[in-house]
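What follows is each chain in one-letter form.
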Amino acid sequence: MPEPSDSDRRKAAQLSPKVASTRLIACVEAGHDLWFKCQYCGMERTWGRREMLSRRLRKHLGWTIDRVQRAATCPMKGCGGPMPIIRLMKGGYQDGFDRSDARRRRAWLVETLLDAGIMPEEAGLTSSARG
């Protein structure tokens, strides 16, 4: 099978407008994980809530998925392939609350950020967005 062209790789990595404009902090709030697949070596990885709130990624919580995709490269030594394929997946979190209630979901998000040592403003939440 021939190697995909640059055009084929761009098509494979293309995000829907809704996903492209979603911020990482919104993924944490909605309970989504990000699934990445390198188009060059096939390596896959997933960012769950733990990874998104980690010291390494917390400064990027305000980034859109589109921006994350442009900045991400394959972590495999010697590969470094750009523009991975990204999909949102429902996370397997057992938080025990109804995510359809926006006020409760936002209160949970603020509490989760504070528990992780992140000020909500650092993650792109404004005080008007918190309540």
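Remember, it's a predicted structure, so these values are computed and weren't measured experimentally. (Residues numbered from 1 in each chain as written. Predicted model: local features only at pLDDT ≥ 70, side-chain atom pairs only at ≥ 80, totals over all residues. Heavy atoms only, no water.)

Visitor: Would you explain the overall build of the protein chain in this entry?
Guide: Of regular secondary structure, the protein chain possesses seven helices and three strands. Moving toward the C terminus, one meets the helices and strands of the protein chain in the order α-α-α-β-β-α-α-β-α-α. Counting all 131 residues of the protein chain, 38% fall into the buried class. In the protein chain, of all internal contacts separated by at least 6 residues, the share reaching a separation of at least 24 is 65%. (Helix = DSSP H or I, 4+ residues; strand = E, 2+ residues; numbered from the N terminus. Buried < 20%, exposed > 50% of the residue type's maximum accessible area, 1.4 Å probe, protein only. Contact = heavy atoms within 4.5 Å.)

Visitor: Is there a simple way to think about helix α6 (residues 102-115) in this case?
Guide: Since the α-helix packs 3.6 residues into each turn, any two residues three or four apart lie on the same face. With 14 residues, α6 should reach 20 Å at 1.5 Å per residue; the first-to-last C-alpha distance of 20 Å fits that figure. Of all the positions in α6, only R106, W108, L109, V110, T112 and L113 are classed as buried. One or two positions beyond α6, positive phi appears at G117, with a value near 80°. (Expected span 1.5 Å × (residues − 1).)

Visitor: What am I meant to see in the pattern of salt bridges here?
Guide: Side chains carrying opposite charge are able to pair once their charged atoms draw close together. Evaluated as defined, the whole model comprises four salt bridges. Notably, a salt bridge pairs E3 with R9, separated by 2.3 Å at the nearest N-O pair. We classify E3 as exposed; its relative accessible area is 59%. Residue classification places R9 among the buried positions, given a relative accessible area of 6%. Taken together, the shared-partner salt bridges connect E29, R105 and R106 into one network. (Salt bridge = Lys/Arg side-chain N within 4 Å of Asp/Glu carboxyl O.)

Visitor: Is there a simple way to explain the sheet that holds strand β1 (residues 32-37) in this structure?
Guide: The pairing of strands in a sheet happens through backbone hydrogen bonds and is either parallel or antiparallel. Strands sit in the order β2-β1-β3 across an open sheet of three strands; the sheet is antiparallel. Edge positions in the sheet fall to β2 (44-47) and β3 (85-90), since each has one partner strand and no second. Averaged over all pairs of adjacent strands, the angle between strand axes in this sheet comes to 25°, irrespective of strand direction. Sheet topology note: the β1/β2 ladder contains four bridges and is antiparallel. When the sheet's bridge partners are listed, W35 is paired in β2 with T46. (Pairing = 2+ DSSP bridges. Axes fitted to C-alpha atoms, helices over the stretch in contact; angles between N-to-C directions.)

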